[in-house]
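Architecture and fold: a report
If you want the building blocks of each chain, they are given just below.
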Amino acid sequence: AQHQALLYQAYHNELEALYLKKLAVLSELKKVLSTEQSELCMFYQPKLNIKSGKAEKAEALIRWNSEKLGFVSPELFIPIAEQAGIIGKLTDWIIRRVIRDIADWQQQGIDLQVAINLSVHDVSDDTLLAKVIHYLQESNVSRAKLSFELTESDLMQDPTKAIAHLNAIRNVGFGLAIDDFGTGYSSLSYLKDMPVTELKIDKSFVLNLATEVNDQNIVKTVIALAQRFGLETVAEGVEDQASLDLLTLLGCDWIQGYYISRPVAPAALIEWFNEQSLPSQTLINKET
Ligand code: C2E
Ligand code: MG
Ligand code: MG
Ligand code: MG
């Protein structure tokens, strides 16, 4: 009984610590959002087109380096922002920043389609689309340069409602991806009606692809499914050449992962991009 009491106490302490941490994150996040002092920035991770061998797309991923809390993972603070009802403000900041970065790259001759992650709450915000279109016009960036990602589990919370919102986004001409596909228990009958252009295979199936036969079978099946529906496939979490080779063989369209590049700051992305487009001769010279 004493042992159990100790266990309970440990459990209780852990829960309390987590709760306090979440409170601290929320309070700091509110401060950051109200002062515009930028502890926030956007990183970008290229997506390689397997057919052309070129990075033609990128995903925007938020980074928060808090003066008080240190680096805070989006996996922690995005759900907190959602629950606290402040995700709209954050998403607005993200969209404006991403469009500004795309406009900067455009001026330097770099042509990338960038995907922004949205939460369910964002999608049901009726003012979102008008705002995005306004920001694009302001910066002279075409709609074709922007797309959105929504996780499968978010979409499946209320599929009928989600389909209506997604239709609105698609009708304006933005690309749409189902993110983390394979982890959210999609029903195929809904998938058929989801007006999306891309399926992103969750990294849990990709990280050990080279050695796990079960993962290979899942990835094979998802790619075949996507092809049936006329959707492009993106594999996230590609960390080695063997996985890249397998995905190429299986007919995956896009590759994203540390093996290509980690998510990086805008300046580093430009550097990476320019290096990729150099003739191989120049690359060899550079290393010697
Ligand atoms: P996600 O949209 O599925 O993003 C992919 C995550 O996988 C990113 O984590 C990325 O850094 C990571 N990743 C990419 N390649 C590899 C790899 O080869 N190996 C491994 N182990 N990981 C890889 P990150 O940046 O920590 O973001 C986590 C999640 O937080 C995202 O998952 C997304 O759901 C959310 N998130 C990130 N930025 C934003 C944002 O701007 N807005 C919203 N609403 N959510 C965001
Ligand atoms: Mg994503
Ligand atoms: Mg994902
Ligand atoms: Mg994810």
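Residues numbered from 1 in each chain as written. Chains lettered and ligands numbered in written order. Predicted model: local features only at pLDDT ≥ 70, side-chain atom pairs only at ≥ 80, totals over all residues. Heavy atoms only, no water.

The chain carries the name EAL domain-containing protein in an unreviewed UniProt entry, which gives Catenovulum adriaticum as its organism.

**Description of the packing of helix α1 (residues 2-35) against helix α2 (residues 74-83)**
Viewed as axis vectors pointing N to C, α1 and α2 meet at an angle of 75°, and their least axial separation amounts to 10 Å. Taken together, the axis directions place α1 and α2 in an arrangement best described as roughly perpendicular. Within the contact between the two elements, α1 uses Lys 21, Lys 22, Val 25, Leu 26 and Leu 29 and α2 uses Leu 76, Phe 77, Ile 80 and Ala 81. Per-class residue counts for the contact of α1 with α2 are 7 nonpolar, no polar and 2 charged. (Axes fitted to C-alpha atoms, helices over the stretch in contact; angles between N-to-C directions. Helix = DSSP H or I, 4+ residues; strand = E, 2+ residues; numbered from the N terminus. Parallel < 35°, antiparallel > 145°, perpendicular 65-115°, else oblique. Contact = heavy atoms within 4.5 Å. Nonpolar A, V, L, I, M, F, W, Y, C, P; charged D, E, K, R; others polar.)

**Structural notes on the pattern of salt bridges**
Within the structure shown, the criterion is met by 12 salt bridges. Between Lys 57 and Glu 198 there is a salt bridge whose closest N-O contact spans 2.9 Å. Of this pair, Lys 57 sits in strand β2 (residues 54-66) while Glu 198 sits in strand β7 (residues 198-201); the two residues are 141 residues apart in sequence, bridging distant segments of the chain. Residue Lys 57 is classed as buried on the basis of its relative accessible area of 11%. Asp 111 is the salt-bridge partner of Lys 145, the closest N and O atoms lying 3.3 Å from each other. With Lys 145 in the loop between α5 (128-139) and β5 (146-151) and Asp 111 in the loop between α3 (87-107) and β4 (113-117), the pair connects residues that are 34 residues apart, well separated along the chain. (Salt bridge = Lys/Arg side-chain N within 4 Å of Asp/Glu carboxyl O. Buried < 20%, exposed > 50% of the residue type's maximum accessible area, 1.4 Å probe, protein only.)

**Some remarks on the coordination of the magnesium ion (ligand 3)**
In this structure, Asp 179 (OD), Asp 180 (OD), Glu 236 (OE) and Glu 236 (OE) serve as the protein donors to the magnesium ion (ligand 3), at separations of 2.1 to 2.7 Å. Under the relative-accessibility criterion, Glu 236 is labelled buried at 9%. (Donors = N, O, S within 2.8 Å, 3.2 Å for Na, K, Ca; no water.)

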